[in-house]
Amino acid sequence: MDQPELREPNLPASARRVANSKLRRGWTTGTCATAAAKAACLLLRDGDPPAEVEVPLPRSDQRPSFAVERCEPDGEGAVAVVVKDAGDDPDVTHGAHLTARVALRDAPGLELRGGPGVGTVTKPGLGLEVGGPAINAGPRVQIAAAVAEVFDTDEVGVVIEVSVPGGEKMARRTSNPRLGIVGGISILGTTGIVRPFSTAAWRASVGQAIDVMDAQGTRTLVLTTGGRSERAARRLAPDLPEVCFVEVGDFTGYALKRAVALEFERCLFVGMAGKLSKLGAGVLMTHWTRSKVDPQFLAALTAEAGGDEDVVAAVSEANSARHAYELWEAAGVDRAPDLLCAKVAANLATYIKERIAVDAIMVDFEGARVVGASPGARERVAAEALA
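Residues numbered from 1 in each chain as written. Predicted model: local features only at pLDDT ≥ 70, side-chain atom pairs only at ≥ 80, totals over all residues. Heavy atoms only, no water.

S.K.: Sorry, what's going on with the environment of Gly 157 here?
M.R.: Inspection of the secondary structure assignment puts Gly 157 in strand 10 (residues 157–163). Residues Gly 157 and Asp 106 lie 51 residues apart in sequence; the distance between their C-alpha atoms is 5.7 Å. Excluding its chain neighbours within four sequence positions, the residues that come into contact with Gly 157 are Ala 103, Leu 104, Arg 105, Ala 107, Pro 108 and Gly 109. (Helix = DSSP H or I, 4+ residues; strand = E, 2+ residues; numbered from the N terminus. Contact = heavy atoms within 4.5 Å.)

S.K.: What exactly am I supposed to notice about the side chain of Thr 34 here?
M.R.: Mapping Thr 34 onto the fold places it in helix 1 (residues 29–46). Residues within four places of Thr 34 in sequence aside, it is in contact with Val 55, Pro 139, Gln 142, Ile 143 and Ala 146.

S.K.: Is there a simple way to explain the pairing of strand 5 (residues 77–83) in this structure?
M.R.: Along a regular strand, successive side chains alternate from one face of the sheet to the other. The buried fraction of strand 5 is high, at six of seven residues. Across five bridges, strand 4 (residues 70–74) lies against strand 5 in antiparallel orientation. Bridge pairing in strand 5 links Asp 74 to Gly 77. Counting the residues in the hairpin turn of strand 4 and strand 5 gives two residues, including Gly 75, whose phi is positive at 65 degrees. (Buried < 20%, exposed > 50% of the residue type's maximum accessible area, 1.4 Å probe, protein only. Pairing = 2+ DSSP bridges.)

S.K.: Help me out: how do you make sense of the pattern of salt bridges in this one?
M.R.: If the charged atoms of two oppositely charged side chains come close together, the side chains can form a pair. The tally for this structure, following the rule as stated, stands at 19 salt bridges. Where Arg 369 meets Glu 329, a salt bridge forms, and the shortest distance between an N and an O atom there is 2.8 Å. In this pair, Arg 369 sits in the loop between strand 17 (357–363) and strand 18 (370–373) while Glu 329 sits in helix 11 (residues 321–331), placing the two residues 40 residues apart along the sequence. Overall, the relative accessible area of 41% leaves Arg 369 in the partly exposed class. It is possible to trace a salt-bridge network through shared partners that takes in Lys 38, Glu 54, Arg 63 and Glu 149. (Salt bridge = Lys/Arg side-chain N within 4 Å of Asp/Glu carboxyl O.)

S.K.: Please explain the sheet that holds strand 4 as it appears in this structure.
M.R.: Backbone-to-backbone hydrogen bonds join strands into a sheet, with any given pair of strands oriented parallel or antiparallel. Read across the sheet, five strands follow the order 4-5-6-10-7 without closing on themselves; strand pairing throughout is mixed. In this open sheet, the two strands that pair with only one neighbour each are strand 4 and strand 7 (109–114). Put simply, the sheet's adjacent strands are angled 20 degrees from each other on average, direction ignored. In this sheet, strand 10 lies alongside strand 6 (residues 97–105) in antiparallel orientation, the contact comprising seven bridges. When the bridges of strand 10 are listed, Leu 104 appears paired with Val 158. Against the sheet, helix 2 (residues 137–148) makes contact with strand 7 and strand 10, and its axis sits at roughly 130 degrees relative to strand 10, the strand it touches most. (Axes fitted to C-alpha atoms, helices over the stretch in contact; angles between N-to-C directions.)

What follows is the structure, encoded as structure tokens:
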């Protein structure tokens, strides 16, 4: 494959506003749906509509409370609404009315459904059942935990339908239509919290983090794309101090230029298929509004890795980088992730004119295991972490 042109598009104007030093965090659609579901469950159990509810977060001991906008009987069930507050993040779902309708049934267990305004998955590659609601794994666990605080679902059957009035219109301003999620928004949230990092605040925080590394004398930085990839990176390089790890998000190009200016010596980039696919294709600013995964690039990579014509054709029509990875895995095209990481490492090194040594490592979608690495990267990280 030829060396791609390296590009670093600007952020969209809506995300380039100047960030305050004290930006207010918000709550994900998953957390707000959880609060609505718990409120409706409490009404069914106690007969009184709660004015506010406290819910668990997926990866924290915090238990935030939420005002309940509306909670009332709905036939033999109950319905509750919690209004999403995205904090200072420019989120299209800010102010959305996350609505949960809850009913009881004889058969034990929890059934989660998508109602109006919640998207339906129509293509593979998203880690969700095709034909099912676009409610991601984190919110599913979060909702189940909150419901279990009200009903024992080993004994009681609970059916929850999550809906979002106006969600179909909101979804037009997201990547959902391109991903094959139709009819509404996705219910998202790995941590349950929205941190206002899609603005200039994230870019500024990346620069500050690299400045702190420099001040402490470290010459190696580890760039990750989010919480799961950072946890994986910490396992890979357990001897590096905490300050070396930066959730770079979409600002890979900016972080590298900052590190070059401060004369760092080495960079390890740890990510998943989506961001790596963009970087491998030469896009250094990976915000979803300014870049998208190129399936033709991934198809060419598949052919280079030894994939047969059928898998190359399938990857050329992949719905997402995750889908492409699933096709590689199913077809046994094991070299493709390594080749992708090699492209990423080469592109990043070229972008900074080889002034920093760059390794790239790809982890699976849970951040649990390494599935690809650029040449020599495996030897340069903790061998025991790759077992």
